[in-house]
Amino acid sequence: MATEELQAIIQRCQILEEEDFKGEDFNLFQVAGQKCLEEGYAAEVLEVIQNEKNKVIVKSMGWNLVCPLVRCILSYKQEDEKREHCLKILDQLVQLCNPKELLLGLLEQIEQTSGEQISHTILLLLQPLQTVLLKLHSKKSYSVGLSLSTILNQLSLLPVPYTKEEIREDKLGLCQCCNAIVDFAKPFVDEVVKNMETSTENDDEELKEELLKFCLKSLKYPLLIAQLDQLQEDIEEDPLRHFAAEILVSAVKMNYSDLNQNWDNPDFLDVDRKHSADSLACLSYLVFVQYFGIDCFPMVFSPSYLLQCNMTHIEDLLGNCLLRMSDDSLHHQYLEFKGFITAPQGLVKVMTLCPIEHLRKKSLKILQLYIDKFDAEGKYTLFRCLLKTSNHAGVEGYVIQNIKNQIDLSLKKANDSKWFTGPQLVSLLDLVLLLPEGAETDLLQNSDRIMASLNLLRYLVIKDNEYDNQTGIWTELNKIEQNFLKPLHTGLNMSKAHYEAEIKSKKENRRESHNSKAVCSVTVGGEKMPNMTTEMQLQVLHSALFTFDLIESVLARVEELIEVKIKTIT
């Protein structure tokens, strides 16, 4: 019988000193104790644990019972007397066992749980775990960090409830766990705050770092993907908003500027840059959009400085959301919402106006991500919008390259789309294959757009069979000739003549001048250049001529291809 086996090993160990316990004794105790619990003899096990004579045995071996104990507690119904006995056993183990060994036993149970049992296990063990950690006194920083990390890693396996109904139901217990983990961390946060001004002990600094790491990870999950918009009713009942507020309060208490001060430290909290970027983006959102902790935020920073600091976080938030989606999955009807149109326009402004290079590059990557997520009609709508609103030749050239890629997919049947073939494409090409101001268009300023348009036209002439005319290009040649090719010829002749005249004038002035390094100014692309020597000006003018020659060579190739195709038709 299980109880007899347990009594036998207890009687055997009672006459031994702690240091005389053998591995066999530990195994026998664990097996006998587990059998007793599984067979329903929790009351008998409790009696053994509470017996003062067994105190040394329980201290050394009791932590081995954590696994079967937790399993039994979770299997019994709330009102079952056996469950109460098991809870009392757990409480006794927390009081009597070696805290370091018990800590590992508790964390092991949290780590091994899965599915619906995750929240049940965490909620069951948080209080015992907190008690064990507090018993470690001044040497608990690593253990606190390990505990918080283990708990968050397990919670990250649970989906975050989104709607009010899902939050109220809290089917998998995530919201309960969020509230409970705040209470779990509170005594450690209070200890750090209390000792911040008086203590110089290294362990206090380490504990502070571990807790800030917890705050940072909590911002990444669940708060980054939680619905935190203020509800019209039941605001105080939203546990995720409560969790967000508590995390911010904890960070502020421990001086949350450390989160930003340590941002460039690769060793800070052992969190990689990608996860840190997401967390800090969420932090900015909570402070500047939801106003959590705004009363504690320093008011000495200028709006422009705050904008500069938050620009990265804005892009991180958008990028994070986009990466969660598969390509071509976003329905075009989303573009009926204002934010879905203004977002890419905002990215274009950062790409073209922001003085910080890495932000410009990041905006370009996010814009491409954004485009990729929409279905074919969504991409088509976005391209039309960006061509009409960007007012930047480089951006327009980039959009035209995207259009070419979508046409290529359609012609290869990999993405057979009516939006990038036939009449729909012809309508889009009307925005692409033209000069904004006819022959008087500034070709140098618009060179990126013009080159992209010529390359697209060359591609269409080569790839689209004139008999199939899938793109509609062959029925539109006259219009393209009048709106694009002829004005481009005229514009090139005018521009080359103008720049050649400028070069001739500069050379004559240089010969007349005794000082070839005389400083003067020149206007290129509609903008006055900084003061330059005559030699520097000549270099700029020659560079402009080279650009015109490049455009002219591609134009000649396009016209040659068109002529060859027309001859084969006739």
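Residues numbered from 1 in each chain as written. Predicted model: local features only at pLDDT ≥ 70, side-chain atom pairs only at ≥ 80, totals over all residues. Heavy atoms only, no water.

Per an unreviewed UniProt entry, the protein chain is named Glomulin, FKBP associated protein, and its organism is Terrapene triunguis.

Turning our eyes to something else, we now look at unusual backbone geometry. Residue Tyr221 is joined to Pro222 through a cis peptide bond whose omega torsion reads 10 degrees. In this model, Asp170 sits at a positive phi of 45 degrees, which is unusual for a non-glycine residue. By the secondary structure assignment, Asp170 is in the loop between α10 (164–169) and α11 (174–195). The backbone phi angle of Tyr291 is positive, close to 65 degrees, even though this residue is not glycine. Taking relative accessible area as the criterion, Tyr291 reaches 54% and is therefore assigned exposed. (Helix = DSSP H or I, 4+ residues; strand = E, 2+ residues; numbered from the N terminus. Buried < 20%, exposed > 50% of the residue type's maximum accessible area, 1.4 Å probe, protein only.)

Attention shifts here to the packing of aromatic side chains. By the definition in use, this model includes nine aromatic pairs. With 6.3 Å between their ring centres and 50 degrees between their planes, Phe337 and Phe340 make a pair best called tilted. Residue classification places Phe340 among the partly exposed positions, given a relative accessible area of 24%. Ring-pair connections join several aromatic residues into one group, and the members of that group are Tyr380, Phe383, Trp419 and Phe420. In this arrangement the basic side chain of Lys404 is found over the ring face of Tyr459, its NZ or CZ atom lying 4.9 Å from the centre. (Phe/Tyr/Trp six-rings, centres within 6.5 Å; stacked < 30°, edge-to-face > 60°. Lys NZ or Arg CZ within 6 Å of the ring centre and 35° of its normal.)

Turning to the environment of Asp448, a few remarks are in order. Looking at the secondary structure, you find Asp448 in helix α22 (residues 447–463). Accessibility expressed as a relative area gives 46% for Asp448, which makes it partly exposed. Linking Asp448 and Ile551, residues 103 residues apart in sequence, is a C-alpha distance of 9.9 Å. If we ignore the near neighbours within four places in the chain, the residues touching Asp448 are Ala393, Gly394 and Gly397. (Contact = heavy atoms within 4.5 Å.)

Across its 16 residues, helix α17 (residues 338–353) extends 22 Å between first and last C-alpha, which sits within 8% of the 22 Å expected from 1.5 Å per residue. Those residues of α17 not exposed but buried are Ile341, Pro344, Leu347, Val348, Val350 and Met351. Of the surrounding elements, those touching the buried residues of α17 are α16 (303–323), α18 (357–373), α19 (376–389) and α20 (393–411). (Expected span 1.5 Å × (residues − 1).)

Let's shift gears to empty space enclosed by the protein. Summed over the entire model, instances satisfying the criterion amount to one cavity of 30 Å³ or more. Taken as a whole, the largest cavity holds about 30 Å³ of empty space. Along its surface, the largest cavity is lined by Gly145, Leu148, Ser149, Leu152, Glu210, Lys213, Phe214 and Lys217. Here the lining of the largest cavity is built from residues that sort into three nonpolar, two polar and three charged. (1 Å grid on protein atoms, 1.4 Å probe; cavity = no way out; pocket = protein on both sides within 12 Å on 5 of 7 lines; lining within 4 Å. Points joined across faces, edges and corners; volume = space filled by probe spheres on them. Nonpolar A, V, L, I, M, F, W, Y, C, P; charged D, E, K, R; others polar.)

Before going further, it helps to examine the pattern of salt bridges. In this structure the tally under the stated criterion is 17 salt bridges. A salt bridge links Asp430 to Lys479; the shortest N-O distance between them is 3.0 Å. Of the two residues, Asp430 is situated in helix α21 (residues 422–432) and Lys479 in helix α23 (residues 477–512); the sequence distance between them amounts to 49 residues. Accessibility expressed as a relative area gives 37% for Asp430, which makes it partly exposed. On the basis of relative accessible area, Lys479 is assigned to the partly exposed category, the value being 32%. (Salt bridge = Lys/Arg side-chain N within 4 Å of Asp/Glu carboxyl O.)

Before going further, it helps to spend a moment on the layout of surface pockets. Computed from the structure, the second largest pocket encloses a volume of approximately 830 Å³. Contributing elements (two or more residues each) for the lining of the second largest pocket: α15 (273–288), α16 and α17. In terms of residue count, the dominant contributor to the lining of the second largest pocket is α16 (six residues). When grouped by side-chain class, the residues that make up the lining of the second largest pocket number 18 nonpolar, three polar and two charged.

So, about the nonpolar core. Among the nonpolar cores identified, the biggest contains 92 residues, and Leu6, Leu129, Ile151, Leu155, Leu211, Leu223 and Leu286 are the most heavily contacted of them. With near-sequence residues (within four places) excluded, Leu286 lies in contact with Leu219, Leu223, Leu228, Ala244, Leu248, Tyr291 and Phe292. Grouped together as the second largest cluster of nonpolar side chains are 65 residues, Ile341, Val348, Leu477 and Ile503 included. (Core = buried A, V, L, I, M, F, W, Y, C linked by side-chain atoms within 4.5 Å.)

Note that Thr421 resides in the loop between α20 and α21. Sequence-distant contacts of Thr421, defined by excluding residues within four places in its chain, comprise Ser410, Leu411 and Gln470.

By the element assignment, Lys496 lies in helix α23. A relative accessible area of 17% means that Lys496 is categorised as buried. Only 3.3 Å separates the side chain of Lys496 from the side chain of Asp549, close enough to count as a polar contact. Side-chain polar atoms of Lys496 contact the side chain of Glu552, separated by 2.8 Å. Residue contacts for Lys496: discarding those within four places in its chain leaves Leu545, Phe548, Asp549 and Glu552. (Polar contact = N/O pair within 3.5 Å; in protein donor to acceptor, adjacent residues only side chain to side chain.)

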